[in-house]
Structure formats: C-alpha cells, structure tokens
Amino acid sequence: MMKNKILGSALMIAGTTIGAGMLAMPISTAGMGFIATSLLLIGLWAVFAYSGLLFVEVYQTAKQKDDGVATLAEQYFGIFGRILSTGTLLILLYGLSVAYMMGGGSLLSGILPSFTESADLNNKIAIVIFTFVLGAFVVIGTKSVDGITRLLFIGKLIAFAIVLLTMLPKSSLDNLMALPLDYALVLSAIPVFFTSFGFHVIMGSINGYLDGNVHHFRKAVIIGTAIPLAAYLLWQLATHGVLSQSEFMTIVQEDPTLNGLVNATRQITGSHLLGELIRIFSALALITSFLGVMLGVFEGLGDLFKRYHLPNNRWSISLVAFVPPLLLALSENSFLTVLSYAGLMCAFYCLLLPVILAWRTRVTHPNLPYRVFGGNITLALAFIIAIVSFIYYSFNIG
C-alpha cells in the first residue's frame with residue numbers, strides 16, 4: 001500500500017512539474033539551441049531537486065503532518081513568515097493556473113466546434129470549459145487527483161513515446177549542434193524554466209498523503225523529479241532536432257502559443273498525425289500540471305483559512321481558488337509573460353524559502369534524523385543562487 005502511495009506521490013510531483021513550462025520550452029528557447037538548453041535544464045534540475053529535499057528535511061519538524069508551508073514559515077519566522085510565504089505561494093500558483101487555463105483553452109479551442117464567429121470568444125469559452133471540468137477533480141480531493149493523474153500520466157507517456165518515435169528520425173544533427181543566436185537568450189529563458197520544476201507547491205499535500213514518512217517523502221521527490229528531467233531532455237532533442245532556429249523564431253513571431261507550436265510542427269513535418277499527437281500530449285501535460293497546481297492552491301488557502309478560522313470547506317475555498325485566475329485568464333495576457341512572472345515567484349518560493357527554512361531548522365534542531373547532503377556549504381551556495389536569480393529577474397523581467 002505504501003509503495004503504491006510513493007508511486008502516486010512521485011507521479012503527482014512529476015505531473016505537476018511537466019506542464020506549461022515544458023510546452024513553452026520550444027518557444028522560449030527558439031534561439032538557444034539544443035546544447036545550451038540541455039545544460040540549463042540539468043543545472044536547474046539539480047538546484048530544484050535539492051531545494052525539494054530541503055522541504056523534506058524541514059517537514060520533520062512539522063507539528064501536524066498536514067501542515068502547509070506557511071505554517072512552517074510562521075513556526076520559524078512568526079507572522080511575517082506566514083504572510084510572505086502565503087502571498088508568494090498564491091501569486092505563484094495563480095500565475096501558473098492562469099497560464100495553464102490559457103494553454104488549455106488554446107488547445108481545446110483547436111478541437112472544439114466554433115460556438116461563435118469570434119475566435120477570441122471561442123477561446124474564452126474553451127478556457128471556461130477546461131477550468132470547470134478539471135476543477136471538479138480538485139474540489140473532490142487529493143485521492144481524486146491521484147487517481148486521475150495516474151490514468152492521464154499513462155496516456156501522456158504513451159502519447160509522448162509516439163511523438164518521440166515519430167520526430168526523432170526526422171531530427172537533424174546540424175539543428176542539434178547549432179550554437180545560440182544570442183547568449184542573452186539563455187538568461188531570458190530561465191524564468192520560464194523555473195516553472196518547469198515548480199513541484200514544491202504540493203509539498204504539504206505530499207507529506208500528509210505519505211503520513212509524514214521522511215524516507216518515503218524523499219523517495220517520492222527523487223523519482224518525481226527524475227521523470228520530468230528525462231522527459232524534458234528528450235522533448236528538446238526532438239523539437240530542436242526537427243525545427244531549425246529560424247523556424248523557431250518564426251513561430252514565436254507569428255503565434256507564440258501552444259496551438260501555434262502544434263500547427264507549425266504539422267506544417268514543417270508534413271504530418272497531420274504528428275501535429276495531433278503533440279496536441280494530445282500537450283493537453284495531457286497541461287491537465288496533470290493544472291491538477292497539481294490547483295491542489296497546491298487548495299493547500300495554501302486551506303492552511304490560511306484554518307489559521308484565521310475562516311470557513312474551511314471545499315466550496316468556500318473553491319471560489320477563492322478558481323475565480324481570480326479564471327478572470328485573469330479571460331483577460332488579454334501573453335502566455336509566455338504570465339509564465340515569466342510565475343517563474344519569478346518560483347525563484348523565491350521553490351528556492352529561497354526552503355533554503356532559509358532549512359537553515360533555521362538546522363539551528364533550532366541540530367540533531368534531526370535526516371539532513372540533505374552537502375551540509376551548510378551547499379546550503380550557502382543555494383542561497384546565493386536564489387538571491388542572484390531573484391534580484392536579476394526582478395529588474396529584467398517583463
């Protein structure tokens with residue numbers, strides 16, 4: 001039974017991770033090339049997997065197994081810690097959910113019949129349908145999300161395998177070996193890439209689901225982050241191999257959406273089937289990630305409502321969880337811009353926050369059974385990376 005829960009937790013982590021960030025990679029790395037993109041992915045994976053394990057270390061001191069991260073922040077830094085962590089979490093999750101709603105609506109509108117003569121209105125209708133249908137599983141609870149995630153993850157793997165088998169033979173070595181058109185593009189892609197490893201938003205839910213078992217929690221994080229890294233590298237190998245940098249740049253200029261990527265792939269390869277397979281894979285990736293992110297929203301709001309004795313039921317939380325991002329998704333926004341701002345918040349919540357929590361935990365509880373490898377030197381290095389990333393993109397994003 002517990003092995004089943006570890007697998008389910010790992011798939012929820014992987015499902016939350018593999019979403020809009022992955023699908024936006026070919027668009028955001030148009031001029032970077034395969035080699036630079038792969039090195040960036042491996043580096044970021046190492047940093048974010050480490051910070052995820054820091055949360056495992058900190059959760060050893062949680063008073064209740066279902067405590068949210070904000071409760072831990074208040075435990076160590078008082079009410080200021082709760083306000084900062086809750087505010088950052090909600091901005092991050094709302095940003096991600098807006099991006100997923102927009103991406104899901106874009107893909108769904110490509111297969112739904114036209115309800116009106118306005119393409120924009122049809123897209124907004126698709127966004128509402130996407131949100132309401134999938135949001136029902138989140139409202140039901142974590143077990144519901146686990147069940148549908150397992151089913152969709154299998155479908156996602158099958159679709160992904162077929163896409164790779166179709167695209168990889170069409171890959172060109174010249175395309176893969178191309179150097180970045182501009183090395184500044186590597187820096188500009190990092191905020192979007194941050195969201196590709198933003199599984200930390202469901203740490204509280206995973207800890208509660210695994211009954212606070214540190215060993216199982218650690219396993220789930222390691223397995224759950226290894227799956228998306230492998231998928232990202234294969235995805236980059238396929239897309240960068242098939243599409244040249246000039247073709248990528250054309251996509252970004254003409255239609256920087258997921259639907260645009262699907263249509264461009266179909267036109268360049270001449271395969272209608274491949275285009276539809278990418279659409280199916282993209283849809284499944286968005287769905288599993290959307291479910292994980294909204295589960296994180298529920299965790300954050302539930303923790304907040306419980307702390308201040310607000311109506312803490314699924315229906316009251318549902319209104320606060322879904323209405324604000326849905327309204328933003330229906331307004332005029334850029335898919336990549338929303339992801340970039342979400343990535344900025346991710347730099348704080350998924351990297352800086354676990355570092356400072358782990359530091360305070362080690363000072364307060366020096367003899368905890370589990371401590372992440374590397375000691376305080378690695379912790380200090382992660383802190384420097386987090387600070388530099390957050391400051392740089394605070395001034396350069398948008």
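Read on for an overview of the structure. It should be emphasised that the depicted structure is a prediction, and the values quoted were computed from it without experimental measurement. (Residues numbered from 1 in each chain as written. Predicted model: local features only at pLDDT ≥ 70, side-chain atom pairs only at ≥ 80, totals over all residues. Heavy atoms only, no water.)

Scanning the chain for helices and strands turns up 16 helices and zero strands. When the 398 residues of the chain are sorted by exposure, 58% land in the buried category. Restricting the contact set of the chain to residue pairs at least 6 apart, pairs at least 24 apart contribute 84%. Split by element, the accessible area of the chain, about 16000 Å² in all, is 70% carbon and sulfur. (Helix = DSSP H or I, 4+ residues; strand = E, 2+ residues; numbered from the N terminus. Buried < 20%, exposed > 50% of the residue type's maximum accessible area, 1.4 Å probe, protein only. Contact = heavy atoms within 4.5 Å. Areas by Shrake-Rupley, 256 points an atom, 1.4 Å probe, with all protein chains shown as cover.)

Structurally, Thr239 is set in helix H10 (residues 214–242). Of the polar contacts made by the side chain of Thr239, one reaches the backbone oxygen of Trp235; its length is 2.8 Å. (Polar contact = N/O pair within 3.5 Å; in protein donor to acceptor, adjacent residues only side chain to side chain.)

Moving on, we come to empty space enclosed by the protein. Taken as a whole, this structure holds two cavities of 30 Å³ or more when the rule is applied. Together, Ile18, Phe153, Lys156, Leu157, Phe160, Ile227, Ala231 and Phe281 line the largest cavity. Those elements that place two or more of their residues in the lining of the largest cavity are helix H6 (142–167) and H10. Top element by residues in the lining of the largest cavity is H6. It accounts for four residues. Here the residues of the lining of the largest cavity sort into seven nonpolar, no polar and one charged. Estimated volume of the second largest cavity: approximately 50 Å³. Gly68, Val69, Ala70, Ser85, Thr86, Leu89, Glu299, Gly300, Asp303 and Tyr349 together form the lining of the second largest cavity. Of all the secondary structure elements, the ones that give two or more residues to the lining of the second largest cavity are helix H4 (69–109) and helix H13 (272–307). Per element, the largest residue contribution to the lining of the second largest cavity is five residues, and it comes from H4. Classifying every residue of the lining of the second largest cavity by side-chain character gives four nonpolar, four polar and two charged. (1 Å grid on protein atoms, 1.4 Å probe; cavity = no way out; pocket = protein on both sides within 12 Å on 5 of 7 lines; lining within 4 Å. Points joined across faces, edges and corners; volume = space filled by probe spheres on them. Nonpolar A, V, L, I, M, F, W, Y, C, P; charged D, E, K, R; others polar.)

The subject of this paragraph is unusual backbone geometry. A positive phi angle, near 55°, is found at Asp211, a position not held by glycine. The residue Asp211 is located in the loop between helix H9 (203–209) and H10 in this model.

Let's shift gears to helix H3 (residues 34–58). Spanning 25 residues, H3 covers 36 Å between terminal C-alpha atoms, matching the ideal 36 Å at 1.5 Å per step. A large share of H3 lies buried, amounting to 19 of its 25 residues. (Expected span 1.5 Å × (residues − 1).)

Quick look at the pattern of salt bridges now. In this structure the tally under the stated criterion is three salt bridges. Taking the shortest distance from any N to any O, the salt bridge between Arg362 and Glu57 comes out at 2.8 Å. On the criterion of sequence distance, the pair formed by Arg362 in helix H15 (residues 335–364) and Glu57 in helix H3 is long-range, its members being 305 residues apart. Residue Arg362 shares its accessibility class with Glu57, and that shared class is buried. (Salt bridge = Lys/Arg side-chain N within 4 Å of Asp/Glu carboxyl O.)

With that settled, the discussion passes to helix H5 (residues 119–140). The terminal C-alpha atoms of H5 lie 33 Å apart, and with 22 residues this matches the ideal 32 Å at 1.5 Å per residue to within 8%. In the structure, H5 departs most strongly from a straight axis at Leu134, where the bend amounts to approximately 25°. Among all positions in H5, only Asn122, Ala126, Ile127, Phe130, Thr131, Leu134, Gly135, Val138 and Val139 are buried. Phi for Gly141, located one or two positions after H5, is positive at around 140°. (Bend = angle between axes of the 7 residues up to and from the residue.)

Time to look at the nonpolar core. The biggest cluster of nonpolar side chains holds 113 residues, and the ones touching the most others in it are Leu92 and Phe322. It is H13 that provides the largest number of residues to this core, a total of 17 residues. In this structure, Phe322 is in contact with Met101, Thr131, Gly135, Val138, Val139, Phe290, Met294 and Phe298, ignoring residues within four places of it in sequence. (Core = buried A, V, L, I, M, F, W, Y, C linked by side-chain atoms within 4.5 Å.)

This structure, assessed with the given rule, holds 10 aromatic pairs. With 6.4 Å between their ring centres and 50° between their planes, Phe160 and Trp235 make a pair best called tilted. Of this pair, Phe160 sits in helix H6 while Trp235 is found in helix H10, placing the two residues 75 residues apart along the sequence. Take Trp235: its relative accessible area is 0%, and that puts it in the buried class. Here Trp235 and Phe281 contribute two aromatic rings whose centre-to-centre distance is 5.6 Å and whose plane-to-plane angle is 50°, an arrangement assigned as tilted. Of the two residues, Trp235 is situated in helix H10 and Phe281 in helix H13; the sequence distance between them amounts to 46 residues. Judged on exposure class, the residue Trp235 and its partner Phe281 are both buried. Aromatic ring contacts, followed pair by pair, group Phe48, Phe197 and Tyr232 into a single cluster. Positioned above the aromatic ring of Tyr209 is the side chain of Lys5, whose terminal nitrogen or guanidinium carbon lies 5.0 Å from the ring centre. Positioned over the ring face of Phe77 is Arg360, at 5.2 Å from the centre of the ring. (Phe/Tyr/Trp six-rings, centres within 6.5 Å; stacked < 30°, edge-to-face > 60°. Lys NZ or Arg CZ within 6 Å of the ring centre and 35° of its normal.)

Worth remembering: the numbers are spatial, not functional.
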